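Examining the three-dimensional arrangement
The primary structure of each chain is shown beneath.
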Amino acid sequence: RALPERQVWVVGRDGTGLRRLTEPRSPGGVSEVAWLPGQRLLYLEAGELRRMSSDGGKAEVLAPAGRDRSALTVSPDGRTAAWVEDGDLWTLPLGGGAPVRVTQVAVKAIGRGGGVYDRPDVELGRSAWDEELAPSWSPDSRYLALQYSDRRGVHAFPIPDYLTPEATLASVRRGAPGQVNDL
């Protein structure tokens, strides 16, 4: 059975000219897409940051596969890409250069990677319910505003993990009914 594929398609604002630009290349496909000046697109596929013309053709890999990349955005002047990776903000000069980790605020989760209830204790760009707020650029492209989530004050409690050979207790941060999950 096949997994759903997410690919990049473009269409005129009047609904004409619908066409697919990317071909299935990895499980899950494209996760983020943003326009660049000059009718080019920037997108994330399998963790790679790629650029291609809106006319199609071969995509250029700007940054090799990272880990948990999301919330891709492009500065208003079109010169810098930004995204969240593993809870921190990263940027890339689109004229050439390497990705730069701009912040170092992420704090690893107390658990072992148990889904939406086991997000990092501190991270940028994502809430406990996996709702994402992409970084927002200032009009002059000098600043970025983004969501900061700190869960260290949220109650931690053990839950049974039955997916291991022996049942164990795994700690997760989760507010009780009426309590918050992000501070």
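These remarks concern the structure in this document. Along each chain, residue indices are assigned from 1 in the same order as the chain's sequence is written. With pLDDT at 70 or above as the cut-off, local features in this predicted model cover only qualifying residues; side-chain atom pairs require 80 or more to be listed or tallied, and sums for whole chains, interfaces and linings still use all residues. For side-chain calculations, the full set of non-hydrogen atoms in the structure is used, while hydrogens and water are omitted.

**Points about the overall build of the protein chain**
Only DSSP runs of H or I with at least four residues qualify as helices, and only runs of E with at least two residues qualify as strands; both kinds are numbered from the N terminus onward. From N to C terminus, the protein chain includes zero helices and 16 strands. The proportion of buried residues among the 183 residues of the protein chain is 41%. Contacts are residue-level and defined by heavy atoms, with any inter-residue pair within 4.5 Å sufficient. Long-range contacts, defined as pairs at least 24 residues apart, comprise 34% of the intrachain contacts of the protein chain with a sequence gap of at least 6. Just so you have it, the protein chain exposes about 10,900 Å², and 54% of that area is on carbon and sulfur atoms. With a 1.4 Å probe rolled over the protein chains alone, any residue whose accessible area is under 20% of its type maximum counts as buried; one over 50% counts as exposed, and the rest are partly exposed. Values of accessible area rely on a 1.4 Å probe in the Shrake-Rupley scheme; residue burial ignores everything except the protein chains shown.

**Overview of the pairing of strand 5 (residues 48-53)**
In terms of residue burial, strand 5 counts as a mostly covered element, since five of its six residues are buried. The sheet contact formed by strand 4 (residues 40-45) and strand 5 spans six bridges and is antiparallel. Within strand 5, the residue paired with Glu-45 across the bridge is Glu-48. Joining the antiparallel neighbours strand 4 and strand 5 is a turn of two residues, in which Ala-46 adopts a positive phi near 55 degrees. The turn joining strand 5 and strand 6 (residues 56-63), which pair antiparallel and follow one another in sequence, is formed by two residues. At least two bridges found by DSSP between two strands is the condition for calling them paired.

**Notes on the sheet that holds strand 10 (residues 100-101)**
Strand order in the open sheet formed by four strands is 7-8-9-10, and the pairing between neighbours is antiparallel. Of all strands in the sheet, those bounded by a partner on one side alone are strand 7 (69-74) and strand 10. Sheet analysis places strand 9 (residues 88-93) next to strand 10, joined by two bridges and oriented antiparallel. Opposite Thr-91, over in strand 10, you have Val-100 as the bridge partner.

**Concerning the pattern of salt bridges**
Once the charged atoms of two side chains with opposite charge are near each other, the side chains can pair. Each reported salt bridge corresponds to a side-chain nitrogen of Lys or Arg within 4 Å of a carboxyl oxygen of Asp or Glu. Here the structure, examined in full by the defined rule, presents nine salt bridges. Arg-69 is the partner of Glu-85 in a salt bridge, and the nearest nitrogen-oxygen pair spans 2.7 Å. Of the two residues, Glu-85 is situated in strand 8 (residues 80-85) and Arg-69 in strand 7; the sequence distance between them amounts to 16 residues. Accessibility classification places Glu-85 together with Arg-69 in one group, the buried group. For Arg-79, the salt bridge is made with Asp-77, and the minimal N-O distance between the two is 3.4 Å.

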